[in-house]
Amino acid sequence: MDPFDAGAGGLLRQPKSVWATAGASVVAFMGIGLVDPILPSIAQGLHATASQVSLLFTSYFLITAVAMLVTGFVSSRIGGKKTLLLGLAFVVVFAGLAGTSGSVGELVGFRAGWGLGNALFVSTALAVIVGAAAGGSAAAILLYESALGLGMACGPLLGALLGDASWRYPFFGTAFLMAVGFLCITVFLKEQPKPARRTSVLDPIKALGHGGLASAAVSAFFYNYTFFTVLAFTPFVLNMSPYRSGAVFFAWGVLLAVFSVIVAPRLQKRFGSLKVLGGSLVLLAADVLVLGYGSHTTAVVCTILSGAFIGVNNTVYTELALGVSDAPRPVASAGYNFVRWFAAAAAPYFAPKIEEWTDLHIPFVVAAVTALVGAGVVVVRRKALTHEAEELEPGHATEDSVTVFAN
């Protein structure tokens, strides 16, 4: 069945509970790139350096990484709906507080609380969408990935539109939208059945004992360093107004969404997951290297183009995490995301530091090297990664796929 079919069970004919969860997911993913266009404005408004402001990403993703170990623990005990509402409540409170910050230290701290709420929400949203959706998991997961792509594209745009007046407004705007999401989920979403088995905090760590899953996680770690160098450091390099920067990252997000949902599955089907992943990582390395050494116009073009490679990588890594091990998919995914999100925390901190120690070009050289290391792990560990990876049909995630694979 075509998941886009508007007939019964198609992507476009879903219960209100699914649309409410998907809509809140869009806003949750918007929070990742929301601060991109306003990073220079925040630095100016709070008299902070680029490395200090970059801690907005570091605190957010560090908490997100650690929270991956506890989200399954929480949701398997209190249920999916309550976990979603708890996460949304954290985001509403801490996003609102972030807008009142009087120092970069306060803002970083509030952003960390926001990261905890976002982890609780997005790690549970896919499970809830799959459980409530009509038409099986294929339509549900496509809807979830579409929400992810739309959120990543619209986050910088919202940040630019509101941030042009004040860097504080995007935080207040996010708090408001998440409060609307809280009300919609409260009204429209019924409580989902609790899992038969409660998840332990240590289960994701134990799952990493599988060589294939560990290899995928390590490769994704190096890739995510490259990804978040582009996302968190490039706005300082482009040094544009919030509107212009927001437009650049909106175009970046559109490419990410299109290549993640439409292009990547077709490439996987034709060439196989590992070849597509290795080739895309090499192309991403070349792209960021040119970004670092090119003119301003070249940097803009390469920033937008990186969205295509990032979209492909995100989808293929998701398929690997789902199919490479025999561990329960929620547990395997939590372990995988626990490892890779640490790179998302590291890159925004180290990229501006490396610039301070050297020059503007070297952070992108490092990012290119980490992408190549990620590709090298895929090549060296291809036998461990082959189990089901080449045979797995793109989008073949089942109802067990309950942990976020957001990029």
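Look above for the structure.
Cut-off values and rules
Each chain has its residues counted from 1, running along the sequence as written. With the structure being a predicted model, the display of local features is reserved for residues of pLDDT at least 70 and the display and counting of side-chain atom pairs for 80 or more, all residues being used for whole-chain, interface and lining totals. The side-chain figures draw on all heavy atoms in the structure; neither hydrogens nor water molecules are used. Going along the chain from the N terminus, every DSSP run of H or I of four or more residues is numbered as a helix, and every run of E of two or more is numbered as a strand. The buried label goes to any residue with under 20% of its type's maximum accessible area, the exposed label to any with over 50%, and the partly exposed label to all in between, with areas taken from a 1.4 Å probe on protein chains only. In this description, accessible areas are obtained by the Shrake-Rupley approach with a 1.4 Å probe, and a residue is regarded as covered only by the protein chains that are shown. Put simply, two rings from Phe, Tyr or Trp (the six-membered ring, in Trp's case) pair if the centres are within 6.5 Å, and we call them stacked under 30 degrees between planes, edge-to-face over 60, tilted for the rest. The span one expects for a helix is its residue count, reduced by one, times 1.5 Å. Polar contact is the term for a pair of N or O atoms within 3.5 Å; when the atoms are in protein, one must be able to donate a hydrogen and the other to accept it, and sequence-neighboring residues count only if both atoms are side-chain atoms. The contact definition used throughout considers only heavy atoms, calling two residues in contact when any of these lie within 4.5 Å. Grouping buried Ala, Val, Leu, Ile, Met, Phe, Trp, Tyr and Cys residues that are joined through side-chain atoms within 4.5 Å yields what is termed a nonpolar core. Distance thresholds for patches are 9 Å for like charges and 5 Å for nonpolar side chains (Val, Leu, Ile, Met, Phe, Trp, Tyr), applied to residues having over 30% relative accessible area and no salt bridge. The term salt bridge refers to a side-chain nitrogen of Lys or Arg lying within 4 Å of a carboxyl oxygen of Asp or Glu.

Draft legend 1. A look at the overall build of the chain. A tally of regular secondary structure across the chain gives 16 helices and zero strands. Relative to its 407 residues, the chain shows a buried fraction of 59%. In the structure as shown, the chain presents an accessible area of about 15,000 Å², 68% of it carried by carbon and sulfur atoms.

Draft legend 2. Summary view of the packing of aromatic side chains. Taken as a whole and judged by the stated rule, the model has 17 aromatic pairs. Plain terms: the ring middles of Phe90 and Phe94 are 6.1 Å apart, the flat faces sit at 5° to each other, and that makes the pair stacked. Residue Phe90 and its partner Phe94 are both found in helix 5 (residues 80-98); the two are separated by four residues, about one turn of the helix. In this structure Phe90 comes out as partly exposed when scored by relative accessible area, which is 26%. Here the aromatic cluster, defined as three or more aromatic residues joined through ring pairs, consists of Tyr60, Phe61, Trp114, Trp167, Phe171, Tyr223, Phe227, Phe228, Phe249, Trp252, Tyr317 and Trp341.

Draft legend 3. Summary view of helix 5. Compared with the 27 Å implied by 1.5 Å per residue over 19 residues, the 27 Å span of helix 5 between its first and last C-alpha is a close match. Buried residues of helix 5: Gly80, Lys81, Thr83, Leu84, Leu85, Gly87, Leu88, Val91, Ala95, Gly96 and Ala98, and no others.

Draft legend 4. Structural detail: the side chain of Thr58. Inspection of the secondary structure assignment puts Thr58 in helix 4 (residues 55-78). When its relative accessible area of 13% is taken as the criterion, Thr58 is described as buried. At a separation of 2.8 Å, a polar atom in the side chain of Thr58 contacts the main-chain carbonyl oxygen of Ala345. Not counting residues up to four positions away in its chain, the partners in contact with Thr58 are Ala345, Pro348 and Tyr349.

Draft legend 5. Representation of the nonpolar core within the structure. Membership of the largest hydrophobic core comes to 117 residues, with the highest contact counts inside it found for Ile42, Phe61, Phe121, Phe171, Ile185, Phe228 and Trp252. Top contributing element to this core by residue count: helix 10 (residues 211-238), with 14 residues. Excluding its chain neighbours within four sequence positions, the residues that come into contact with Phe61 are Ile32, Phe228, Trp341, Ala344 and Ala345.

Draft legend 6. Representation of unusual backbone geometry. The phi angle at His47 is positive, at roughly 55°, despite the residue not being glycine. Positionally, His47 belongs in the loop between helix 2 (39-45) and helix 3 (50-53). Backbone geometry at Asn239 places phi at a positive 50°, although glycine is not the residue there. Of note, Asn239 is situated in the loop between helix 10 and helix 11 (242-271). We classify Asn239 as exposed; its relative accessible area is 60%.

Draft legend 7. Region of the structure containing helix 8 (residues 169-188). End to end, helix 8 covers 28 Å across 20 residues, agreeing with the expected 28 Å (1.5 Å per residue, within 8%). Of the residues making up helix 8, those classed as buried are Pro170, Phe171, Gly173, Thr174, Ala175, Met178, Gly181 and Ile185.

Draft legend 8. Representation of the environment of Thr318 within the structure. By secondary structure assignment, the location of Thr318 is in helix 13 (residues 296-323). Looking at Thr318, the relative accessible area reads 8%, which means it is buried. Sequence separation between Thr318 and Ala216 is 102 residues; the distance between their C-alpha atoms is 9.5 Å.

Draft legend 9. Quick look at a nonpolar patch on the surface. A contiguous nonpolar patch, built from Leu157, Leu161 and Tyr243 and spanning about 270 Å² of accessible area, is present on the exposed surface. Within the secondary structure layout, Tyr243 lies in helix 11. Classification of Tyr243 as partly exposed rests on a relative accessible area of 43%.

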